[in-house]
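Okay, here's what each chain looks like letter by letter:
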Amino acid sequence: DNIRHGLNKDLSFSKKDREENIRRIGHVASLFLDAGMIVLTAFVSPFQYDRDHVRSLVEDGEFIEIHCNADLSTCEERDTKGLYAKVREGIIPE
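Attention here is on the structure that accompanies the text. Here the structure is a predicted model, which is why all the values come from computation and not from measurement.

All right, on to the overall build of the protein chain then. Secondary structure assignment for the protein chain yields five helices and zero strands. For the protein chain, the α and β elements follow one another from N to C terminus as α-α-α-α-α. For the protein chain, buried positions account for 21% of its 94 residues. Of the contacts formed within the protein chain by residues at least 6 apart in sequence, a portion of 35% connects residues at least 24 apart. If you sum the accessible surface of the protein chain, you get close to 7,300 Å²; carbon and sulfur atoms cover 55% of it.

As structure tokens, this is what we get:
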């Protein structure tokens, strides 16, 4: 949320903007790693290409991907931001 309301507030949920969202996050995380910090991020990233791109920004072993496998109904139940409802209502078309 902080990223979407600040650095990435100009982005929508289109495929192109979702890719850009992850790209920016990856570069910011890389800057923190370069400063010697431990970086943990948690983002929905449905496109393998985007995760591979971010992985390429850091040294081997610095990118650890964790996949949380949940069915759609579980995701909708846990959706505190109401994004799934907005998609169903057509507010978020992508």
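This part is about helix H3 (residues 48-56). The complete set of buried residues in H3 reads Asp 50, Arg 51 and Val 54. Buried residues of H3, seen end-on, are gathered within an arc of 95° and therefore sit on one face of the element. More than 90 degrees from the buried face of H3, the exposed residues found are Tyr 49 and Ser 56.

Below, the discussion takes up the side chain of Asn 21. Following the sequence through the fold, Asn 21 ends up in helix H2 (residues 15-34). Of the residues examined, Asn 21 reaches a relative accessible area of 6% and is grouped as buried. Asn 21 has contacts with Ile 3, Arg 4, Asn 8 and Leu 11, leaving out every residue within four places of it along the chain.

Tallied over the full model, the rule gives eight salt bridges. Arg 24 serves as the salt-bridge partner of Glu 20, at 2.8 Å between the closest nitrogen and oxygen. Linking Glu 20 with Arg 24, this pair stays in helix H2, spanning four residues, or about one helical turn. As a salt-bridge pair, Glu 65 and Arg 55 come within 2.6 Å of each other at their nearest N and O atoms. Note that Glu 65 is positioned in the loop between H3 and helix H4 (72-77) and Arg 55 in helix H3, a separation of ten residues in sequence. Among the ionic contacts, a cluster of salt bridges with common partners joins Asp 10, Glu 20, Arg 23 and Arg 24.

On the surface, Asp 34, Glu 59, Asp 60 and Glu 62 cluster together into a patch of negative charge. If you trace the backbone, Glu 59 turns up in the loop between H3 and H4. Judged by relative accessible area, which is 58%, Glu 59 ranks as exposed.

Before going further, it helps to examine the packing of H2 against H3. Helix-helix packing: each pair is described by the crossing angle between the helix axes and the interaxial distance. Where H2 meets H3, the closest approach of the two axes is 9 Å, and the angle between their N-to-C directions is 15°. If you check the angle between H2 and H3, you find them roughly parallel. The chirality of how H2 crosses H3 is right-handed. For the pair H2 and H3, contact is made by Glu 19, Ile 22, Arg 23, Gly 26 and His 27 and by Asp 50, His 53 and Val 54, respectively. For the contact of H2 with H3, the residue count by class is two nonpolar, three polar and three charged.

Calculation criteria
Residues numbered from 1 in each chain as written. Predicted model: local features only at pLDDT ≥ 70, side-chain atom pairs only at ≥ 80, totals over all residues. Heavy atoms only, no water. Helix = DSSP H or I, 4+ residues; strand = E, 2+ residues; numbered from the N terminus. Buried < 20%, exposed > 50% of the residue type's maximum accessible area, 1.4 Å probe, protein only. Contact = heavy atoms within 4.5 Å. Areas by Shrake-Rupley, 256 points an atom, 1.4 Å probe, with all protein chains shown as cover. Arc of directions from axis to C-beta. Salt bridge = Lys/Arg side-chain N within 4 Å of Asp/Glu carboxyl O. Patch = residues over 30% accessible without salt bridge, like charges linked within 9 Å, V, L, I, M, F, W, Y side chains within 5 Å. Lys, Arg positive; Asp, Glu negative; His and termini not counted. Charge placed at Lys NZ, Arg CZ, Asp CG, Glu CD. Axes fitted to C-alpha atoms, helices over the stretch in contact; angles between N-to-C directions. Parallel < 35°, antiparallel > 145°, perpendicular 65-115°, else oblique. Left-handed = near helix turned anticlockwise from the far one by under 90°. Nonpolar A, V, L, I, M, F, W, Y, C, P; charged D, E, K, R; others polar.

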